[in-house]
Amino acid sequence: MDGASCGAKKSVRVYQSKAVVGAREDSRFPRRFGWAVGLAFVLASGLSCSLDAREPKLVRIERAIFTAVNRERQKRRLPSLKWREDLAELARAHSRNMVKRKFFSHVDPEAGGLDKRMKAAGIRYRLCAENIAQVKGYSDPAKQIFSGWMKSKGHRKNILLRKVTHTGVGVAQARDGTLYVTQIFVGE
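Treat the numbers as computed from the prediction; the structure is a model and nothing was measured.

Enquirer: What am I meant to see in the pattern of salt bridges here?
Expert: Working definition: two side chains of opposite charge can pair if their charged atoms are close together. Taken as a whole, this structure holds 11 salt bridges when the rule is applied. Residue Arg 92 is joined to Glu 89 by a salt bridge in which the shortest nitrogen-to-oxygen separation is 2.5 Å. Linking Arg 92 with Glu 89, this pair stays in helix 3 (residues 85–101), spanning three residues, or about one helical turn. Owing to a relative accessible area of 1%, Arg 92 belongs among the buried residues under this scheme.

What follows is the structure in structure tokens.
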């Protein structure tokens, strides 16, 4: 048994993902209001959040995944992705909803799939894709999540899509310590 795990069972779970290609979502809201619509979506779903109150551990995991994705893209001579906070907020909302409603899927039973959630948040795109993962019991969860995604054909494809330009990562933690992670990719 690994002493660093304190006897906790280790697990990584990734869910096969797919990209939505050629689906441009036009919105009544200009992009500059996308963050406000996304925040309204989060608050309407019964979740309260404050950017200042986010747990530093979860922020570090989000940034570590973002960095790992860009490092891999650079190794393969692909352009680095730019961080978009509106995508990160939508990803955090999905991760929180998975914790709150006890599901693990790209399709939220109440908010729908990625395209529906993006539209509700007022986020415009030409292409979007999403990776999700669950992980528990690892000292470096970002490394385990990224490694799992790279071993999965669908997740790896999303990470290495040439046409995606921006991303956001959101992490939520269940009471039992399980981390739920969502990464959203868009091509504009």
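Alright, that's what it looks like, and here's the rest.
Enquirer: Honestly, the confidence of the model for the protein in this entry has me stumped. Any pointers?
Expert: Do not read the predicted coordinates in detail wherever pLDDT is low. Of the residues in the protein, 72% reach a pLDDT of 70 or more, and the chain-wide mean stands at 80. In the predicted structure, residues 1–9 sits below a pLDDT of 50 and forms six contacts with residues beyond four places in sequence or in another chain.

Enquirer: Honestly, the environment of Thr 67 in this entry has me stumped. Any pointers?
Expert: Summarising the element assignment, Thr 67 is placed in helix 2 (residues 56–75). Sequence separation between Thr 67 and Ala 142 is 75 residues, and the spatial gap between their C-alpha atoms is 9.9 Å.

Enquirer: What is the right way to look at the nonpolar core in this model?
Expert: Soluble, globular proteins show a tendency: their nonpolar side chains are buried together. Core analysis: the largest hydrophobic core is formed by 28 residues, its most contacted members being Ile 61, Ile 65, Ile 145, Trp 149, Ile 159, Val 171 and Val 181. Contributing elements (two or more residues each) for this core: helix 2, strand 4 (127–136), helix 5 (141–151), strand 5 (166–173) and strand 6 (179–187). Per-element accounting of this core gives the leading share, six residues, to helix 2. Setting aside residues no more than four positions away along its own chain, Ile 159 makes contact with Val 69, Arg 73, Asn 131, Phe 146, Trp 149, Met 150 and Phe 185.

Enquirer: Before we go on, may I ask you to explain helix 2 in this structure?
Expert: Residues spaced three or four apart along an α-helix point in a common direction, a consequence of the helix completing one turn every 3.6 residues. Compared with the 28 Å implied by 1.5 Å per residue over 20 residues, the 28 Å span of helix 2 between its first and last C-alpha is a close match. Every buried residue of helix 2 is accounted for by Leu 58, Ile 61, Glu 62, Ile 65, Phe 66, Ala 68, Val 69, Asn 70, Glu 72 and Arg 73. Against the buried residues of helix 2 lie strand 3 (82–83), helix 3, helix 5, helix 6 (153–159), strand 5 and strand 6. Just past helix 2, the residue Arg 77 takes up positive phi, approximately 60°.

Calculation criteria
Residues numbered from 1 in each chain as written. Predicted model: local features only at pLDDT ≥ 70, side-chain atom pairs only at ≥ 80, totals over all residues. Heavy atoms only, no water. Salt bridge = Lys/Arg side-chain N within 4 Å of Asp/Glu carboxyl O. Helix = DSSP H or I, 4+ residues; strand = E, 2+ residues; numbered from the N terminus. Buried < 20%, exposed > 50% of the residue type's maximum accessible area, 1.4 Å probe, protein only. pLDDT = per-residue confidence, 0-100. Contact = heavy atoms within 4.5 Å. Core = buried A, V, L, I, M, F, W, Y, C linked by side-chain atoms within 4.5 Å. Expected span 1.5 Å × (residues − 1).

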